[in-house]
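Reading the structure
In case you want the letters, here they are:
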Amino acid sequence: MGQPVREYLLTLCVTAAITYLLTGPVRKFAIAAGAMPEIRARDVHREPTPRLGGIAMFGGLCAGLLVASHLTNLKSVFENSDEPRALLSGAALIWILGVLDDKWGVDALVKLGGQMIAAGVMVLQGLTILWIPIPGVGTVSLTPMQGTLLTVALVVITINAVNFVDGLDGLASGMVCIAAAAFFMYAYRMWFGYGIEAAAPATLFSVVLMGMCLGFLPHNMHPARIFMGDSGSMLIGLVMAAGAVSVTGQVDPDLLNQKAGGLREATHAMVPVYIPLLLPLTVIAVPVADLILAIVRRTWKGQSPFAADRGHLHHRLLEIGHSHSRAVLIMYFWSALIAFGAVAYSANNASMWIVLGIVLLSAVGLVLLLLPRFTPRAPRWAERMVPPRYRRVVRTVLAPAGDGVGEGAADGAPAEQPEPVPAGINGATAIGDRSRFVDRRKAGSHR
């Protein structure tokens, strides 16, 4: 079992390295090509930033699959299944669509149609849901039409969930990386724990997806030097959906029943995948929740579900006072809690310790959400050991001669006044009304 782990690690490192090395040249290309759209009302960054980061991520995807196809254990995935080729075909289509959108802009309905075509291409090459394990009913086989419709729906939902959450520096890539890590643990347990070969493609897809996100993340952390754009967000959403479809709709529950040693054990193992939509919802529950809330909010206001606004979860975190970095970390926390909690529950859902741990960590997450409401101040003797936001910062100003500033103030004596909090990116005013640029020349400058 050690050798497959080393091969997965090599695939991960190669994918991350290629993505990281390509991102710098891609950034220069994006600037030269003019793929730097003007700042919109809903954006939180303060100067134009190049997009097209998905080009580097697609390069990492191709490199990861190429390396895996030549490794001793992982090459069997390519020999016994057409799913890697199906993934690459669908990824190429969605990537081209995203590049066109990042450069020239594509209508929302056209993008939706392109997503459905990319999903259909994967279905035609065998990456589709064949059956659904339903508790109390058993395994339900799907007709080709039913499997196609369900697969396309799952792919489109996952792509748009990731696309919707891509609103802060490093948010989408970090959350998808966390989800991919949890997904890898589940798929690896299915493959090597129970010996089910049908779970092998999903395991490989998860490792490649982690490498794509890890390689791009250093360039995308706040302040981001490049955005992944739709070419990147739709790409990683499609790869995530492909892994979910593979392990959910292709693994035979009856075979798992035999491998697990009984119906009870098999039922425990299949808890996260009773229904194909359940697995991606548990792994990327936060983006999907944001997607559903956005559709309900826009429809309630009489707007199109595809109309952009500033009501996403990450926008609300900024509005209540969280800094950019803290808002991203909070979203990471909830994604990891839900994703790894679901995997741990599927491994041993009879343990009360897992449930208690999830409840305790949820309470910690709620406390983190309320931090801006309570701004503690460190004692003066400990101010040097805490971040500046927790210090009692004062500034010295000269009072006009003859104008007493407070009781006992002398003419011209310095008076201490609290320093006002500037309206910047790291505070509650981050997305409020403000003048974005003082100097027009600064607005058009490049980093």
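What counts, and where the lines are drawn
Residues numbered from 1 in each chain as written. Predicted model: local features only at pLDDT ≥ 70, side-chain atom pairs only at ≥ 80, totals over all residues. Heavy atoms only, no water. Core = buried A, V, L, I, M, F, W, Y, C linked by side-chain atoms within 4.5 Å. Buried < 20%, exposed > 50% of the residue type's maximum accessible area, 1.4 Å probe, protein only. Helix = DSSP H or I, 4+ residues; strand = E, 2+ residues; numbered from the N terminus. Contact = heavy atoms within 4.5 Å. Salt bridge = Lys/Arg side-chain N within 4 Å of Asp/Glu carboxyl O. Axes fitted to C-alpha atoms, helices over the stretch in contact; angles between N-to-C directions. Parallel < 35°, antiparallel > 145°, perpendicular 65-115°, else oblique. Nonpolar A, V, L, I, M, F, W, Y, C, P; charged D, E, K, R; others polar.

As a further point, take the nonpolar core. Counting residues in each nonpolar core, the largest one holds 91 residues, and the members touching the most others are Leu61, Ile94, Leu209, Met210, Leu235, Ile236 and Leu238. A total of 17 residues in this core trace back to one element, the largest contributor, which is helix H7 (residues 171–194). Those residues in contact with isoleucine 236, other than ones at most four positions away along the chain, are Met57, Val162, Ala172, Val176, Leu209, Met212, Cys213 and Met228.

Close approach of charged atoms allows side chains of opposite charge to pair. Scanning all chains against the criterion turns up three salt bridges. In this structure, the salt-bridge partner of aspartate 82 is arginine 85, at a minimum N-O distance of 3.7 Å. The salt bridge partner of aspartate 230 is lysine 111, with a shortest N-O separation of 2.8 Å. With a gap of 119 residues between them, aspartate 230 in helix H9 (residues 229–249) and lysine 111 in helix H5 (residues 108–124) connect regions that are remote in the sequence. Grouping residues by exposure puts aspartate 230 and lysine 111 together as buried. Through salt bridges that share partners, Asp101, Lys111 and Asp230 make up one connected network.

Once that is clear, we can look at the packing of helix H2 (residues 54–68) against helix H4 (residues 83–103). As a packed pair, H2 and H4 sit with axes 11 Å apart at the nearest point and diverge in direction by 170°. With respect to H4, the element H2 is oriented roughly antiparallel. The residues of H4 that touch H2, namely those facing Gly54, Ile55, Phe58, Leu61, Cys62 and Leu65, are Pro84, Leu88, Ala91, Ala92, Trp95 and Val99. Taken together, the residues of the contact of H2 with H4 break down into eleven nonpolar, one polar and no charged.

The next thing to look at is unusual backbone geometry. Going from histidine 222 to proline 223, the amide bond is cis rather than trans, its omega being -5°. With a phi close to 70°, leucine 52 is a non-glycine residue in the positive phi region. Positionally, leucine 52 belongs in the loop between helix H1 (2–33) and H2.

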